[in-house]
Structure formats: C-alpha cells, structure tokens
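Chain and residue survey
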Amino acid sequence: AQAVFLNNIEQYLDKLIWQYQNWQKVKDNGKQFLLEVMSRANLRNFYVNLYCTDKDGQVWLLDHLLDHFLATEKQSFMTLLGDFGTGKSSFALHYFMVQAQRYLQDKSRRIPIFVSLKDYRGQLNLETFITHEFAENFKLSFSVAVFQNLALQGKFLLFVDGFDEMASMSNEQETILNFKDMTKLSFENLQFMTQAADR
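Quick caveat, the model's predicted, so the values are computed rather than measured. (Residues numbered from 1 in each chain as written. Predicted model: local features only at pLDDT ≥ 70, side-chain atom pairs only at ≥ 80, totals over all residues. Heavy atoms only, no water.)

**Describing the packing of helix α1 (residues 2–21) against helix α5 (residues 88–105)**
It is at 10 Å that the axes of α1 and α5 come closest, and there the two elements cross at 130 degrees. Looking at the two axes, α1 sits oblique to α5. Handedness of the α1/α5 crossing: left-handed. Along its contact with α1, which presents Leu6, Glu10, Leu13, Asp14, Leu16, Ile17, Tyr20 and Gln21, the element α5 presents Leu93, His94, Phe96, Met97, Ala100, Gln101, Tyr103 and Leu104. When its residues are assigned to classes, the contact of α1 with α5 shows 11 nonpolar, three polar and two charged. (Axes fitted to C-alpha atoms, helices over the stretch in contact; angles between N-to-C directions. Helix = DSSP H or I, 4+ residues; strand = E, 2+ residues; numbered from the N terminus. Parallel < 35°, antiparallel > 145°, perpendicular 65-115°, else oblique. Left-handed = near helix turned anticlockwise from the far one by under 90°. Contact = heavy atoms within 4.5 Å. Nonpolar A, V, L, I, M, F, W, Y, C, P; charged D, E, K, R; others polar.)

Okay, here's the thing in structure tokens:
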C-alpha cells in the first residue's frame, strides 16, 4: 500500500510541476489547475522573490531561510504571517514547487504536499480533512495508517495555505481550535498522539 501511495504522489507532483511550467498553455486550453492557487497567476514567469529580516538583523531570501529551517530539524512547525495580499500563497506555491522538484530528483527528501484551507468552514477535523484532500482533490487512494506511518518517519513537508481565509469564515473559538488542530501535523505532536493512543 505504501509503494502505491508513494508512486501516486510522484505522478501527482509530476503533473503539478508540468502545469506550473506550462501555465499559459493550461490557461489557454481552459483546463483546470490541480491546485486552485495556481490559477491566480503565472508565478513561474512572474514570481518576485521575498526577503525577511531575522531577530539578529540578518536579511534572508525567504527561500534560504526556509531551507535553513528545514535543515536544522529543531522544530517541525512554522507559520508565515502577513496581511491579505502580501504574497503568502504565492510564496507557498513557489517554494512548494521548488521542494517538489527536489523530491523528484532525490526521493530521500521530504514529500511536499500542498493543501488549501481557503474554502474550509467551521470546526476542523484533521483526519477527515486530510482524507478528503487526498481522495477528492488529489485523486489519490489514501490510507490513514500509511499517511500516519510516513508522517511519523518525518517523510512529509506539508504546506497548509489559506488559514487566514478560513479564519475569516469562523468565529474566534473555532479559529483557535483549528490552529491547535493544524499543529497536530507537526512531528512532535504526531509522536505524542501515537504514544497516547498506544497506552
């Protein structure tokens, strides 16, 4: 089951990269993008690099900062904050594509998965949401056990986009609970949840 799942993900990433690299062709032919966020702009040709300054005053290309974050392995959850229209989704898609290409060239790397919360309303049920994303949006056969096993091995690099848009459709309590639920995707929390379930 795991081999089939990984093969399906590789095929899916190949299609995503092709659409990203051939954005105008997909648009001109009226085809549907596999990720809705891809339909908004031709980022392959018009992406503008983003920079940030860390607490020590060092300026980073945002790509390099995340490369550094991923290489340190001290933490497994990062949140990119910014107002509407500041480029969070564009950056997430750009960096996701970088990671997808890296993964397909080197299968020992983490598997990038991009999910959108943009149209998700109300209380988040993480298992239902992830299952829906794989089965409905990605058209991939999905096993919670396979996903959890790979996640516990640290095999995924999850890009979760649109939390602010989901939050705008929820009340404050739901937003707080949904954010806590999203943190369950981090490696430390997956370990804790699995150990608790085994007791």
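**As for the nonpolar core**
By size, the foremost hydrophobic cluster in this structure holds 45 residues, and its most contacted members are Leu35, Leu93, Phe96 and Phe156. Contributing elements (two or more residues each) for this core: α1, α2 (23–28), α4 (62–72), α5, β3 (111–116), α6 (126–137), α7 (144–152) and β4 (156–161). (Core = buried A, V, L, I, M, F, W, Y, C linked by side-chain atoms within 4.5 Å. Buried < 20%, exposed > 50% of the residue type's maximum accessible area, 1.4 Å probe, protein only.)

**Considering the confidence of the model for the chain**
Averaged over the chain, the pLDDT score is 79; the fraction of residues at 70 or greater is 71%. When pLDDT is averaged over each helix and strand of the chain, the minimum, 44, is found for helix α10 (residues 187–198) and the maximum, 95, for α2. pLDDT under 50 marks residues 187–199. Its contacts with residues more than four places away, or in other chains, come to 18 contacts. (pLDDT = per-residue confidence, 0-100.)

**A few points about the side chain of His94**
Within the element layout of this structure, His94 appears in helix α5. For His94, a relative accessible area of 12% gives the class buried. A distance of 2.6 Å separates the side chain of His94 from the side chain of Asp63, its partner in a polar contact. For His94, the residues in contact, after removing those within four places along its chain, are Tyr20, Tyr47 and Asp63. (Polar contact = N/O pair within 3.5 Å; in protein donor to acceptor, adjacent residues only side chain to side chain.)

**Some details on the packing of aromatic side chains**
A complete count under the given rule lists seven aromatic pairs for this structure. Aromatic side chains Phe91 and Tyr95 sit 5.6 Å apart centroid to centroid with 15 degrees between the ring planes, which places their arrangement in the stacked category. A residue pair is termed a helical-turn pair when its members lie 3 or 4 positions apart in one helix, as Phe91 and Tyr95 do in helix α5 at four residues. Taken together, Phe91, Tyr95, Phe96, Phe114 and Phe159 form an aromatic cluster joined through their ring pairs. (Phe/Tyr/Trp six-rings, centres within 6.5 Å; stacked < 30°, edge-to-face > 60°.)

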